[in-house]
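Structural features, examined
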Amino acid sequence: MKMNYEELKKKFEENQDPKRATQMKRYMRNKFDFYGYQSLARKVIYHQDLLLEKQQHTIDWQLLKQAWQDSHREMQYFACDYLIALEKYLQFEDLDKIRQFVEEKSWWDTIDSLIKPIGKLGLRDSRVDKVMLEWSRDSNFWLRRVAIEHQLLRKKNMNVKLLNTILENNLDQEEFFINKAIGWALRDYSKTDPTWVQDFIQIHQDNMAPLSIKEGSKYL
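These notes cover the structure that comes with them. (Residues numbered from 1 in each chain as written. Predicted model: local features only at pLDDT ≥ 70, side-chain atom pairs only at ≥ 80, totals over all residues. Heavy atoms only, no water.)

**Concerning the overall build of the chain**
When you go through the chain residue by residue, the secondary structure sums to 13 helices and zero strands. Its helices and strands taken in sequence order, the chain reads α-α-α-α-α-α-α-α-α-α-α-α-α from the N to the C terminus. Projected onto the principal axes, the alpha-carbon positions of the chain cover approximately 55 × 40 × 30 Å. Accessible surface, the chain as shown: approximately 11700 Å² in total, 47% of it carbon and sulfur. One way to put it: in the chain the 36 positive side-chain charges average out to a point 4 Å from where the 34 negative ones average out. (Helix = DSSP H or I, 4+ residues; strand = E, 2+ residues; numbered from the N terminus. Areas by Shrake-Rupley, 256 points an atom, 1.4 Å probe, with all protein chains shown as cover. Lys, Arg positive; Asp, Glu negative; His and termini not counted. Charge placed at Lys NZ, Arg CZ, Asp CG, Glu CD.)

**Description of the pattern of salt bridges**
Inspection of every chain in the model, using the stated rule, returns 17 salt bridges. Ionic pairing is found between Asp49 and Lys11, a salt bridge with its closest N-O pair at 2.8 Å. Linking Asp49 in helix α3 (residues 39-54) with Lys11 in helix α1 (residues 5-14), this pair joins segments that are 38 residues apart in sequence. The shortest N-O distance in the salt bridge between Asp81 and Arg42 comes to 3.1 Å. With a gap of 39 residues between them, Asp81 in helix α5 (residues 73-85) and Arg42 in helix α3 connect regions that are remote in the sequence. Arg42 shares its class with Asp81; the two are buried. (Salt bridge = Lys/Arg side-chain N within 4 Å of Asp/Glu carboxyl O. Buried < 20%, exposed > 50% of the residue type's maximum accessible area, 1.4 Å probe, protein only.)

**Comments concerning the packing of helix α11 (residues 176-190) against helix α12 (residues 194-204)**
Between α11 and α12, the least distance of the axes is 7 Å, while the angle of their chain directions is 145°. In contact with Leu186, Tyr189 and Ser190 of α11, α12 contributes Pro194, Trp196, Val197, Phe200 and Ile201. Its residues assigned to classes, the contact of α11 with α12 shows seven nonpolar, one polar and no charged. (Axes fitted to C-alpha atoms, helices over the stretch in contact; angles between N-to-C directions. Contact = heavy atoms within 4.5 Å. Nonpolar A, V, L, I, M, F, W, Y, C, P; charged D, E, K, R; others polar.)

**Observations regarding the side chain of Asp138**
One can find Asp138 in the loop between α8 (127-135) and α9 (141-149). Reaching out from Asp138, the side chain makes a polar contact with the side chain of Arg99 at a distance of 3.1 Å. Among the polar contacts listed, one links the side chain of Asp138 to the backbone nitrogen of Asn140, at a separation of 2.8 Å. Apart from residues no more than four positions distant in its own chain, Asp138 is found in contact with Arg99, Leu143 and Arg144. (Polar contact = N/O pair within 3.5 Å; in protein donor to acceptor, adjacent residues only side chain to side chain.)

**Concerning the packing of helix α4 (residues 61-69) against helix α6 (residues 95-103)**
For the pair α4 and α6, the least separation of the axes is 11 Å and the interaxial angle reads 10°. Overall, the two elements α4 and α6 adopt an arrangement that is roughly parallel. Residues Trp61, Leu64, Lys65 and Trp68 of α4 touch α6, and the partners they reach there are Lys97, Ile98 and Phe101. Residues that form the contact of α4 with α6 fall into these classes: five nonpolar, no polar and two charged. (Parallel < 35°, antiparallel > 145°, perpendicular 65-115°, else oblique.)

**Points about α3**
Its 16 residues place the ends of α3 21 Å apart at the C-alpha level, agreeing with the 22 Å of an ideal helix rising 1.5 Å per residue. The sharpest bend along α3 measures roughly 45° and falls at Tyr46. Turning to α3, its buried residues number three or more, namely Arg42, Ile45, Tyr46, Asp49, Leu50 and Glu53. Next to the buried residues of α3 lie α1 and α5. (Expected span 1.5 Å × (residues − 1). Bend = angle between axes of the 7 residues up to and from the residue.)

**Points about unusual backbone geometry**
Although it is not a glycine, Lys155 adopts a positive phi angle of roughly 55°. Along the chain, Lys155 turns up in the loop between α9 and α10 (160-168). Overall, Lys155 belongs to the exposed group, its relative accessible area being 55%. We note that Asp172 has phi near 55°; this positive angle belongs to a residue other than glycine. Within the secondary structure, Asp172 sits in the loop between α10 and α11. Its relative accessible area of 56% is what places Asp172 among the exposed residues.

**Examining the side chain of Asp125**
Relative to the elements of secondary structure, Asp125 occurs in the loop between α7 (108-124) and α8. Classification of Asp125 as buried rests on a relative accessible area of 13%.

Have a look at this one:
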């Protein structure tokens, strides 16, 4: 039995916490409404549903679009968790659909979740590399952040040439979320190849924000 948006909405409404919802909304700078669920409690609501969805061997994009259009942030979190759970059914052609999610209701929380299924898809389909290069030069800095971060945790599977180019495409920036992402990408890869990261920082330090250098150097 496939998931239903209206049924999911009812589940969220049953035990919503208005007081916590107000606190969560304030924390997110009043950008989104909330039901008031913390992460674990939220995931419990649809855990069994996602197990059933996996048996469908396909992604219900209509359901995800309905969830993304919902005013409550937990619905966008659900969509992210859905894509992470069913990432092996993602196809290259689905990147345009995920791009819409990146560009709509954009904030660091959903962006840093959407990089996970994109990263896994990139390991299966090399065509993703070209798209990430394009995103790394886009005027929308959230798309650029995805490009910078999508190879996080790859370790020895890192496409170093791709990482290098994407990072170079985002130097000399004033945007906090870009400079932070550059630092995270470097810090993460420094656990695998600290020499490469040290060399990158040394070569580009005049064009890097202090924040990027600080984050990238944490484990050096």
